Amino acid sequence: MADQVQVETNRAGADSRQLLRASGLSKRFGGVQALRDVSFSVDRGQIVGLIGPNGSGKSTCVNLLSGNLPVSAGEVWLGGELLTGKPIDAVVVKGLSRTFQSTQIFPEDTALENVMLGCHTLFRQGPAKSVLRTASAKRENLELVAHAERSLALVGLAERRDQIASTLSAAEQRLLMIAVALASKPEVILLDEPAAGMVASERRALAGIIRAMPSHGISVLVIEHHMGLIMEVCDRIVVLNFGQKIAEGTPAEIRNNQAVIDAYLGHRDHA
Ligand code: ADP
Ligand code: MG
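Read on for a plain summary of the structure. (Residues numbered from 1 in each chain as written. Chains lettered and ligands numbered in written order. Predicted model: local features only at pLDDT ≥ 70, side-chain atom pairs only at ≥ 80, totals over all residues. Heavy atoms only, no water.)

**What to know about the site of ligand 1**
Thinking step 1. Around ligand 1 lies a shell formed by Phe29, Val32, Ala34, Pro53, Asn54, Gly55, Ser56, Gly57, Lys58, Ser59 and Thr60.
Thinking step 2. Contact between ligand 1 and Gly55: an oxygen atom at 2.7 Å from a main-chain N or O atom of the residue.
Thinking step 3. Thr60 is positioned such that a nitrogen or oxygen atom in its side chain is 2.6 Å from an oxygen atom of ligand 1.
Thinking step 4. Contact with the protein chains removes 59% of the 560 Å² of surface that ligand 1 exposes when unbound.
Thinking step 5. Of all the elements in the fold, those that place two or more residues in the shell around ligand 1 are strand 2 (32-43) and helix 2 (58-66).
Thinking step 6. The element best represented in the shell around ligand 1 is helix 2, accounting for three residues.
Thinking step 7. For the shell around ligand 1, the per-class residue count stands at four nonpolar, six polar and one charged. (Near = heavy atom within 4 Å. Polar contact = N/O pair within 3.5 Å; in protein donor to acceptor, adjacent residues only side chain to side chain. Areas by Shrake-Rupley, 256 points an atom, 1.4 Å probe, with all protein chains shown as cover. Helix = DSSP H or I, 4+ residues; strand = E, 2+ residues; numbered from the N terminus. Nonpolar A, V, L, I, M, F, W, Y, C, P; charged D, E, K, R; others polar.)

**Some thoughts on the pattern of salt bridges**
Thinking step 1. Applying the stated criterion to the full structure yields eight salt bridges.
Thinking step 2. For the salt bridge of Lys94 with Glu81, the shortest nitrogen-to-oxygen distance reads 3.1 Å. Of this pair, Lys94 sits in helix 3 (residues 88-94) while Glu81 sits in strand 5 (residues 81-82), and the two are 13 residues apart along the sequence.
Thinking step 3. Measuring nitrogen to oxygen at the nearest pair gives 2.8 Å for the salt bridge that ties Arg160 to Glu172. Pair noted here: Arg160 is in the loop between helix 6 (138-154) and helix 7 (170-182) and Glu172 is in helix 7, with a separation of 12 residues, a long-range link. (Salt bridge = Lys/Arg side-chain N within 4 Å of Asp/Glu carboxyl O.)

**Some words on the packing of helix 4 (residues 111-118) against helix 7**
Thinking step 1. Across the interface, helix 4 lies against helix 7 with an axial gap of 7 Å and an inter-helix angle of 35 degrees. In the packing of helix 4 onto helix 7, the handedness of the crossing is right-handed. Taking contact as the criterion, the partners of Ala111, Asn114, Val115 and Gly118 in helix 4 are, on helix 7, Leu176, Ala179 and Val180.
Thinking step 2. Considering only residue class, the contact of helix 4 with helix 7 consists of five nonpolar, two polar and no charged. (Axes fitted to C-alpha atoms, helices over the stretch in contact; angles between N-to-C directions. Left-handed = near helix turned anticlockwise from the far one by under 90°. Contact = heavy atoms within 4.5 Å.)

Nothing here speaks to function; it is all geometry.
What follows is the structure, encoded as structure tokens:
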């Protein structure tokens, strides 16, 4: 066991508890340095928060981790594997999936169909829509349905299975995006402002859903502005300001960190 840990340490430059590791991530958009030398990790079974003022680089960081944008510098590791430079599909297959800050669903398809389209990386027969329509793929299709139903259940949308996505409430559409991301059986999920547009009761339900993820073998990186949600669900919090990491610690440490209060917590109502 000690040998195994040592091997992984050598390969990833980190210990084996670390599932997702950002190392020296930087991103430049023309003249804008959106992210500068940011390093942190998400351990297995952990929920980590990524917070900071608007424009501090949170979404850019998620885009680099997920492979939606190429890095200017730095590396992303998942377990012992280097993700940097891999296409998004490959990153998803390796076990990382994400949701977006804006709601992205297929509005005319049902909740179940949305999730099944997100399942396509689990199946080898090519584009999801053709898999769904091929008689020879019936058994796979049944597995696909069962798996999609489990993903819907994890976000509390089991009863909405056959509802057209555009007729779901805004909060339910946000949850559907999480179910879609869960459909690829990720080891780690990145949630970019999942509570956007939610009222307090909906945020409470979301907090319960996020907190339950580690018990399903899913670690979480969550960006949020609602400090109540962040402080409630996170094991650790990473704080960005002007593209740089200014603090990292437990919720209690972050709440009392003067640099964080000056840059962020003291500047707006984070109820
Ligand atoms: P956050 O999610 O913390 O609000 P972002 O990561 O969206 O911050 O943005 C960080 C900085 O990078 C901002 O100055 C933003 O304007 C800039 N930025 C983000 N995405 C792009 C892009 N695609 N092209 C140019 N500039 C961008
Ligand atoms: Mg953002």
